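This is what each chain is made of:
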Amino acid sequence: MAVVGIVPAAGRGERLGAGVPKALAPCAGRPLLEWSLEVLEGVCDRVVVAVAPGEPLGPDRVRGGEVRSESVRAALAAAPEARIAVVHDAARPLVTRELVEACVAAVGGGGWDGAVAAAPVSDTVKEVAAGGRVERTLDRRSLWAVQTPQAFRADVLRRALGAGAAALAAATDDASLVEAIGGVVGVVESSPENIKVTREIDLLLAEELLRARAAC
Ligand code: CTP
Ligand code: MG
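Residues numbered from 1 in each chain as written. Chains lettered and ligands numbered in written order. Predicted model: local features only at pLDDT ≥ 70, side-chain atom pairs only at ≥ 80, totals over all residues. Heavy atoms only, no water.

## Points about the environment of alanine 50
As for its position among the elements, alanine 50 is in strand E4 (residues 46-51). Separated by 131 residues in sequence, alanine 50 and isoleucine 181 place their C-alpha atoms 24 Å apart. Those residues in contact with alanine 50 that sit more than four places away from it in its chain are Val7, Pro8, Ala9, Ala10, Val62, Gly64, Ser71 and Ala75. (Helix = DSSP H or I, 4+ residues; strand = E, 2+ residues; numbered from the N terminus. Contact = heavy atoms within 4.5 Å.)

## Notes on the site of ligand 1
Close contacts around ligand 1 come from 18 residues, with Pro8, Glu14, Lys22, Ser71 and Lys196 the closest. Between ligand 1 and the protein, one listed contact pairs an oxygen atom with a backbone N or O atom of proline 8 at 2.8 Å. At 2.9 Å, a backbone N or O of glycine 65 approaches a nitrogen atom of ligand 1. Taking 560 Å² as the accessible area of ligand 1 by itself, protein coverage stands at 87%. With respect to the detected pockets, ligand 1 is housed in the largest pocket. Put simply, the parts of the chain that give the shell around ligand 1 at least two residues each are strand E1 (3-9) and helix H2 (68-77). Partitioned by chemical class, the residues of the shell around ligand 1 number six nonpolar, four polar and eight charged. (Near = heavy atom within 4 Å. Polar contact = N/O pair within 3.5 Å; in protein donor to acceptor, adjacent residues only side chain to side chain. Areas by Shrake-Rupley, 256 points an atom, 1.4 Å probe, with all protein chains shown as cover. 1 Å grid on protein atoms, 1.4 Å probe; cavity = no way out; pocket = protein on both sides within 12 Å on 5 of 7 lines; lining within 4 Å. Sits in = over half its atoms within 2 Å of the grid points. Nonpolar A, V, L, I, M, F, W, Y, C, P; charged D, E, K, R; others polar.)

## Points about the sheet that holds strand E7 (residues 114-120)
Reading across from one edge, E5-E4-E1-E6-E10-E7-E11 is the order of the seven strands in this open sheet, with mixed pairing throughout. Edge strands, defined here as strands with exactly one partner in the open sheet, are strand E5 (61-63) and strand E11 (185-189). For this sheet the average axis-to-axis angle between neighbouring strands, irrespective of direction, equals 30°. Along the sheet, helix H1 (residues 32-43) contacts E1, E4, E5 and strand E6 (84-87); its crossing angle with E4, the most-contacted strand, is approximately 155°. Helix H3 (residues 97-108) contacts E1, E6, E7, strand E10 (144-153) and E11 of the sheet and is inclined by roughly 60° relative to E10. (Pairing = 2+ DSSP bridges. Axes fitted to C-alpha atoms, helices over the stretch in contact; angles between N-to-C directions.)

## Topic: the layout of surface pockets
The space that makes up the largest pocket amounts to roughly 910 Å³. Going through the elements one at a time, E1, H2, E10 and helix H5 (165-170) are the ones with two or more residues in the lining of the largest pocket. A volume near 230 Å³ is recorded for the second largest pocket. Along its surface, the second largest pocket is lined by 14 residues, and Ala119, Pro120, Val121, Ser122 and Ala145 are the ones closest to its centre. For the lining of the second largest pocket, the elements supplying multiple residues, two or more each, are E7 and E10. (Points joined across faces, edges and corners; volume = space filled by probe spheres on them.)

## A look at H2
Within H2 the residues assigned to the buried category are Ser69, Ser71, Val72, Ala75 and Leu76. Around the axis of H2, the buried residues are gathered within 155° of arc, so they sit on the same side. (Buried < 20%, exposed > 50% of the residue type's maximum accessible area, 1.4 Å probe, protein only. Arc of directions from axis to C-beta.)

## Focus on the packing of H1 against H3
For any two helices packed against each other, one specifies the crossing angle of their axes together with the interaxial distance. Where H1 meets H3, the closest approach of the two axes is 9 Å, and the angle between their N-to-C directions is 50°. One finds that H1 runs oblique with respect to H3. In this structure, the crossing between H1 and H3 has a hand that is right-handed. Contact with H1, carried on its side by Val39, Leu40, Gly42 and Val43, involves Arg97, Val100 and Glu101 of H3 and no other residues of that element. Its residues placed into classes, the contact of H1 with H3 shows four nonpolar, one polar and two charged. (Parallel < 35°, antiparallel > 145°, perpendicular 65-115°, else oblique. Left-handed = near helix turned anticlockwise from the far one by under 90°.)

Shown next, in the form of structure tokens:
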């Protein structure tokens, strides 16, 4: 059963502002992307990366799209052999082998179409109307902050990524597209340490965490 890693790495990294695509920004001694690639390559039969315009292309390096979901779609299209696709953002360098394996196993078990890494939220979350008025406080016990990796039955993910351009642009993760076509998605509990590098402060934190991990 071919397990293929799909790494969207084609974003511009505007909020980080490193002057290069975020995936190439230096992080604890190597490009940010390399941390995720090393982990995924240890678990998957193959890893396909969606890269930013101007980056070298190849069988495992395809040109990304204008929006994240289009990048995922382009990378998945280059892996017709995939039976399970594990999507993981280049922006999350703290992913672990155990977490990827747990997501793959949860889908391989057959009950779910998708399994997503997620952590229970620790903040109180409120729904707020335009103007700032609080509408309601959500029950935190049922709220999870969703991360990547996200593993899917590849046929279901391909179908989900067939959504129109507007739906692809609006989607902030792949699981929501799978949910939208009726797919069954479950969570795999993950650590809040699996942060996404969005701004400079996240990069500093990621570097600290990676160095601390290396020192263990
Ligand atoms: N991504 C992608 N193709 C895009 C946009 C994003 O492959 N057209 C990838 C990014 O490279 C990143 C992941 O999707 O690994 C999550 O996106 P985000 O954190 O928003 O990264 P950027 O889009 O690069 O950052 P920004 O929004 O600040 O420009
Ligand atoms: Mg972005």
